[in-house]
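Commentary on secondary and tertiary structure
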Amino acid sequence: MRMDRSDNESQNIFFFPWLKAWEASSGHIGKFPAIGPSREKTEKLMKGHPLYSNLYSVWMDSVSDFANISLEAMKRMNDKTSLMDGQNNPDKYKEIYNNWIETYSDTFKEFLRSAHFSGDMGKFMSCLIEAGKYNREMLEENFLKPMNLPTSTDIDEINRELYSLKKTVKELNRKINELSQGK
Amino acid sequence: MSFMIQKNMNEPDLIRETFIKYKKGSEIISELTEISVGVTPHEIVYSEDKMKLLHYKTTVKNPCPVPVLMVYALVNRYYILDLSPDKSIIKNLLDRGFDVYAIDWGYPSGMDRYLTIDDYVNGYLNNAVDHVRNKSGTDKISLLGVCVGGTLSVMFAALHPEKVKNLISFVAPIDFATDKSPLNIWAKEMDVDKIVDYYGIIPGDFLNMGFLLLDPFRLLIDKYVGFFEHIDDKKTVENFLRMEKWIFDSPGQAGEAYRQFMKDCYQENLLIKNRMEIGGKRINLKEISMPFLNIMAEFDHLVPNESSLPLTEAISSTDKESMVFPTGHIGMFVGSKSQNEVCPNIAQWLKPRSYAQKDKTKIGVKKTKKNHHKQKESMNES
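This structure is a prediction, so every number in the text was calculated from the model and none was measured.

A word on the domain arrangement of chain B
Residues and elements named next belong to chain B.
- Along its sequence, chain B is carved into domain 1 (1–31 + 204–251) and domain 2 (42–192 + 254–381).
- Distance between the C-alpha centres of domain 1 and domain 2: 32 Å.
- Counting residues at the interface gives 10 residues for domain 1, matched by 15 residues for domain 2.
- Among the elements of the structure, helix 7 (204–213) and helix 9 (234–247) are those that each provide at least two residues to the side of domain 1 that touches domain 2.
- Here the element with the most residues in the side of domain 1 that touches domain 2 is helix 9; it accounts for 4 residues.

Observations regarding the environment of Asn122(B)
All names here are of chain B.
- Within the fold, Asn-122 resides in helix 3 (residues 117–136).
- When the C-alpha atoms of Asn-122 and Leu-152 are compared, they prove to be 9.8 Å apart, with 30 residues separating the residues in sequence.
- Beyond its immediate sequence surroundings of up to four residues, Asn-122 is in contact with Leu-159, Ile-278 and Gly-279.

Here we look at the sheet that holds strand 14 (residues 320–325) of chain B
Residues and elements named next belong to chain B.
- Here 8 strands make up an open sheet; going across it, the order is 1-2-6-3-7-8-13-14 and the pairing mixed. Edge positions in the sheet fall to strand 1 (42–48) and strand 14, since each of these pairs with one other strand and no more. For this sheet the average axis-to-axis angle between neighbouring strands, irrespective of direction, equals 20°.
- Pairing of strand 1 with strand 2 (residues 51–56), which is carried by 6 bridges, proceeds in the antiparallel orientation. Each residue of the ladder has a partner; that of Glu-48, found in strand 2, is Met-51.
- Helix-sheet contacts for helix 3 involve strand 1, strand 2, strand 3 (68–71), strand 6 (100–104) and strand 7 (141–146), and the interaxial angle to strand 1 is about 130°.
- Sheet strands in contact with helix 14 (residues 336–350) are strand 7, strand 8 (164–170), strand 13 (292–297) and strand 14, and its direction is about 175° off that of strand 14.

Focus: the pairing of strand 6 of chain B
All names here are of chain B.
- By the criterion of burial, strand 6 is predominantly enclosed, with 4 of the 5 residues buried.
- With 4 bridges connecting them, strand 2 and strand 6 associate as antiparallel partners. By the bridge assignment for strand 6, Lys-52 is matched with Asp-104.
- Where strand 3 meets strand 6, 4 bridges bridge the pair, whose relative direction is parallel. By the bridge assignment, Met-70 is partnered in strand 6 with Ala-102.

Focus: the interface of chain A and chain B
- Each side of the interface is counted separately: chain A has 26 residues, and chain B has 28 residues.
- For the side of chain A that touches chain B, the elements supplying multiple residues, two or more each, are helix 3 (90–112), helix 4 (115–144) and helix 5 (152–180) of chain A.
- Element by element, the count of residues in the side of chain A that touches chain B is highest for helix 3 of chain A, at 10 residues.

Quick look at the environment of Asn98(A)
All names here are of chain A.
- Topologically, Asn-98 is positioned in helix 3.
- Judged by local crowding, Asn-98 falls into the partly exposed class, with 14 C-beta atoms found within 10 Å.
- Note: C-alpha distance between Asn-98 and Gly-182 (84 residues apart in sequence) is 70 Å.

Considerations on the packing of helix 4 of chain A against helix 6 (residues 192–199) of chain B
- The N-to-C vectors of helix 4 of chain A and helix 6 of chain B enclose an angle of 30°; their axes lie 10 Å apart at closest approach. When the axis of helix 4 of chain A is compared with that of helix 6 of chain B, the two are roughly parallel. As for the relative orientation of helix 4 of chain A and helix 6 of chain B, their crossing is left-handed in sense. On the side of helix 4 of chain A, the interface is formed by Met125(A), Ser126(A), Ile129(A), Gly132(A) and Lys133(A), while helix 6 of chain B contributes Lys194(B), Ile195(B) and Tyr198(B).
- Counted by class, the contact of helix 4 of chain A with helix 6 of chain B contains 4 nonpolar, 2 polar and 2 charged residues.

Each value, and the rule that gives it
Residues numbered from 1 in each chain as written. Chains lettered and ligands numbered in written order. Predicted model: local features only at pLDDT ≥ 70, side-chain atom pairs only at ≥ 80, totals over all residues. Domains from an automatic or database assignment. Contact = placed C-beta atoms within 7 Å. Helix = DSSP H or I, 4+ residues; strand = E, 2+ residues; numbered from the N terminus. Pairing = 2+ DSSP bridges. Axes fitted to C-alpha atoms, helices over the stretch in contact; angles between N-to-C directions. Buried ≥ 20, exposed ≤ 12 C-beta atoms within 10 Å, placed from the backbone. Parallel < 35°, antiparallel > 145°, perpendicular 65-115°, else oblique. Left-handed = near helix turned anticlockwise from the far one by under 90°. Nonpolar A, V, L, I, M, F, W, Y, C, P; charged D, E, K, R; others polar.

Here you go:
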């Protein structure tokens, strides 16, 4: 199973026989009242697998990119320090530091403005948000709804309504002012 | 005194000097009770939801009759324009005889996530402008838009030219086609809808992370090393902490406004093409015909000159000028050039244009269109 090509279907094929066997046996015992029937809980949890796999995959791509660029910066720094004479005294500390910061800063800036980094960051953000959204949905559905607490969707609806009402009130106020000024 | 570069110093000396320096620095920091910013005297003359309109106390007897409204960006806080008495664009303009107002956009909360650019430009900004016009008794005011506040001011001036006497765009992005800034490159790869739908209010830290990524080694390491090198100097410590306070004082962004700005400006570049619409109205930059000053920073890593300069050509004003100063984006607000070069040049340009319409012919409005490169050269020479 390749992490970067994971999808729900292949996982379902793999896990479902095990899930059904568990539900028919010890799954009867280990139920969690706050999070609904265990079957639904497991199915929902499984929907998160591809999201986390994708996130892990793009995260690893980023780690690999940053490792490579760190190596490149290290090589460039090594080239510079090899040109410095061998004196080891405090006078040189600042010079070495300045060289280090300049080399690393330039190398990373070069990388960070590349299309490669930009594309990877876009993918990473996208996967991070999808996983975050899934987490939030799970939390809302499994904890907030059973406890009759408002979810972010409920609050957003109220906010939208408030925004709309405020806009209407402002518009009405504007019209009243215009009428009172005899415009 | 810089402990790292003193000649002929051995390791024990270095350690002793460093210890003494840090001890003094610790004492300075522990004595500081509050980091004061935005201290120029002012009063809040109008507020609407989170937005506040500040009116600064004039420092001359007869200020220019046409007031200046400073519109800062939605990102970070307006008080960078008034960071400390000796680093204050606002105080500098007051002392040069202007009647200055500024908008504080405040911190959007959950219920502001549906605010659009239309709400900001045709709502808050329009109402603030009307309030300034009423209070000062003038039909038109001078608008000085800073960074993204400049972009909003340009939109406003195009939609309400009858209310703007002079327009100053201060390091404002208008043409987003350039790839000179990593922000422009990154923005094109972002799934904006996904981000806005998830966050609602885009966290300030999310944006800050992007700014820090522009040069992580300088902004996350070297800046602090530099600070520790001068930690025994009280003034340096105070200024550093003021800047740190401003940098990390990042309000969230109203989701819908952010969505439209990122898509229409950064991704589609509609504003400079005169194809952007807000509130059902198309923004035509040719509607801008008032005197116009375009101010840019030569080493701006956030808003490259290529992003600001095309505006000078895109508008129909005949009295227009571009100025490029040899500094960076932040240097335009708090660097020495800000007080010694930027402010005097703004005042010199704005003052003759800050009188009522009837006085216009008397003072003689200079109708120039300077080549910005020539301007840049002359600034460098000076």
